[in-house]
Amino acid sequence: MAKVLYHITMSLDGFVAGPADDMTWLAGLHTGPNPAVSRLLGELGAVVMGHHTYAPATTAEGRVYGGRWEGPIFVVTRSAEPAPGFTLVDDLGKAVAAACSAAGDGYVAVLGATTARRCLEAGLLDEVLVHVAPVLLGDGVRLFDHPGGTLVRLEPMELSSSGSIGTCWYRVA
């Protein structure tokens, strides 16, 4: 049975994108090899993303996992134009179910903060893998945003570092 994993890189101050969904802050990060990412890519069976993540992913330089992984990608959207290699689905539950079916016993990576939050709220998220970059953004899209607050307990599975990047892998309790 597939596991649904929120996989993201965030700034030290908790942002996964800058203002207006700007992702240029990731350029120039010297990450080096990361054993957790290598392991995940070997077990990754499918990807689910929202429409904000989809738009940059459809450009040549924005390929999923920098082109190191290829497989089924499901986009939760009602308004995007289809692109080769992407399956558009208008319902989050249906997208995750289709991705889990495609992934078999592997992982389904959820890309995008809003889609991950919606998966968590729907009880669909099993794990969280966050890479912490040595950057302060000060504003933008938070790793997890829930107006009014909420408590989500996580159990550590793996804490490590690779170069200047910290890796935190948790199970949703």
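One can find the structure itself at the top, above this paragraph.
All residue numbers here refer to positions counted from 1 along the written sequence of the relevant chain. Owing to the predicted nature of the model, reporting of local features is limited to residues with pLDDT of at least 70; listing and counting of side-chain atom pairs is limited to 80 or more, with chain, interface and lining totals taken over all residues. Only hydrogens and water are set aside when side-chain values are computed; all heavy atoms of the structure are taken into account.

### Topic: the overall build of the protein
Moving on, step 1. Secondary structure is summarised from DSSP: a helix means a run of H or I of at least four residues, a strand means a run of E of at least two, and numbering begins at the N terminus for each. Each helix and strand in the protein was counted, giving 4 helices and 10 strands.
Moving on, step 2. Along the protein, helices (α) and strands (β) appear in the sequence β-β-α-β-α-β-β-α-β-α-β-β-β-β when read from the amino end.
Moving on, step 3. For the radius of gyration, the atoms used are the C-alpha atoms, and the globule rule reads 2.2 Å times the number of residues raised to 0.38. Relative to the globule expectation of 16 Å for 173 residues, the C-alpha radius of gyration of the protein, 15 Å, shows essentially globular dimensions.
Moving on, step 4. The buried share among the 173 residues of the protein stands at 42%.
Moving on, step 5. By the convention used here, residues are in contact when the closest approach between their heavy atoms is within 4.5 Å. Summarising the internal contacts of the protein: among those between residues at least 6 apart in sequence, 72% fall at separations of at least 24.
Moving on, step 6. Here the Shrake-Rupley method, with its probe set to 1.4 Å, supplies the accessible areas, and only the displayed protein chains count as covering residues. A total of about 9,100 Å² of accessible surface is found on the protein, and carbon and sulfur atoms cover 55% of it.
Moving on, step 7. Only four residue types enter the tally: Lys and Arg on the positive side, Asp and Glu on the negative side; His and the chain ends are excluded. Every charge is mapped to an atom, namely NZ of Lys, CZ of Arg, CG of Asp or CD of Glu. Across the protein, the centroid of the 11 positively charged side chains sits 4 Å from that of the 17 negatively charged ones. Note on classification: 1.4 Å probe, protein chains only; a residue is buried when its accessible area is under 20% of the maximum for its type, exposed when over 50%, partly exposed between these limits.

### Let's talk about the nonpolar core
Moving on, step 1. Among buried residues, the Ala, Val, Leu, Ile, Met, Phe, Trp, Tyr and Cys ones that are joined through side-chain atoms within 4.5 Å form a nonpolar core. Counting residues in each nonpolar core, the largest one holds 29 residues, and the members touching the most others are Tyr-6, Val-108 and Leu-125.
Moving on, step 2. Looking at this core element by element, the count peaks at 5 residues for helix α3 (residues 92-103).
Moving on, step 3. Residues in contact with Tyr-6, not counting those within four places in the same chain, are Val-16, Val-110, Gly-112, Ala-113, Ala-116, Leu-125, Glu-127, Val-128, Leu-129 and Leu-143.
Moving on, step 4. The next biggest cluster of nonpolar side chains, apart from the first, holds 21 residues, and it includes Val-37, Tyr-107, Ala-109 and Trp-169.

### Points about the pairing of strand β7 (residues 127-133)
Moving on, step 1. Most of β7 sits inside the fold, with 7 of its 7 residues counted as buried.
Moving on, step 2. Residues of β7 alternate between two faces, with Glu-127, Leu-129, His-131 and Ala-133 on one and Val-128, Val-130 and Val-132 on the opposite face, all of them buried.
Moving on, step 3. Two strands form a pair only when DSSP identifies at least two bridges running between them. Sheet analysis places strand β1 (residues 3-11) next to β7, joined by 7 bridges and oriented parallel. Residue pairing across strands places Ile-8 opposite Val-130, the latter belonging to β7.
Moving on, step 4. Strand direction decides the pairing type here: β7 and strand β10 (residues 165-172), joined by 6 bridges, are antiparallel. Note that in β10 the partner of Glu-127 across the bridge is Arg-171.

### A short note on the pairing of β10
Moving on, step 1. As defined by bridge partners, strand β9 (residues 154-162) adjoins β10 across 8 bridges and the pair is classed as antiparallel. Paired with Leu-159 across the strands is Cys-168, a residue of β10.
Moving on, step 2. Where β9 folds back on β10, the antiparallel hairpin that results is connected by 2 residues, among which Gly-163 adopts a positive phi of roughly 65°.

### Thoughts on the sheet that holds strand β4 (residues 73-76)
Moving on, step 1. Spatial strand order, β5-β4-β3-β6-β1-β7-β10-β9: 8 strands in an open sheet with mixed pairing. In this open sheet, the two strands that pair with only one neighbour each are β5 (86-89) and β9. Each neighbouring strand pair of the sheet contributes to a mean axis angle of 25°, computed without reference to strand direction.
Moving on, step 2. Judged from the 4 bridges that link them, β1 and strand β6 (residues 107-111) form a sheet pairing that is parallel. Pairing of Lys-3 across the sheet is with Tyr-107, part of β6.
Moving on, step 3. To obtain each axis, a line is fitted to C-alpha atoms, and for helices this fit is confined to the stretch in contact; angles are then taken between N-to-C directions over 0 to 180 degrees. Its contacts with the sheet put α3 on β1, β3 (44-50), β4, β5 and β6, and the angle it makes with β3 is roughly 165°.
Moving on, step 4. Across the sheet, helix α4 (residues 113-121) lies against β1, β3, β4, β6 and β10, angled at about 125° from β6, the strand it touches most.

### Points about the pattern of salt bridges
Moving on, step 1. In what follows, salt bridge is the name for a side-chain nitrogen of Lys or Arg lying within 4 Å of a carboxyl oxygen of Asp or Glu. Counted by the stated rule, this structure contains 4 salt bridges.
Moving on, step 2. For the salt bridge of Glu-121 with Arg-117, the shortest nitrogen-to-oxygen distance reads 3.1 Å. Of this pair, Glu-121 and Arg-117 both sit in helix α4, 4 residues apart, roughly one helical turn.
Moving on, step 3. By relative accessible area, which is 23% here, Arg-117 ends up partly exposed.
Moving on, step 4. With a closest N to O distance of 3.6 Å, Arg-171 and Glu-155 form a salt bridge.

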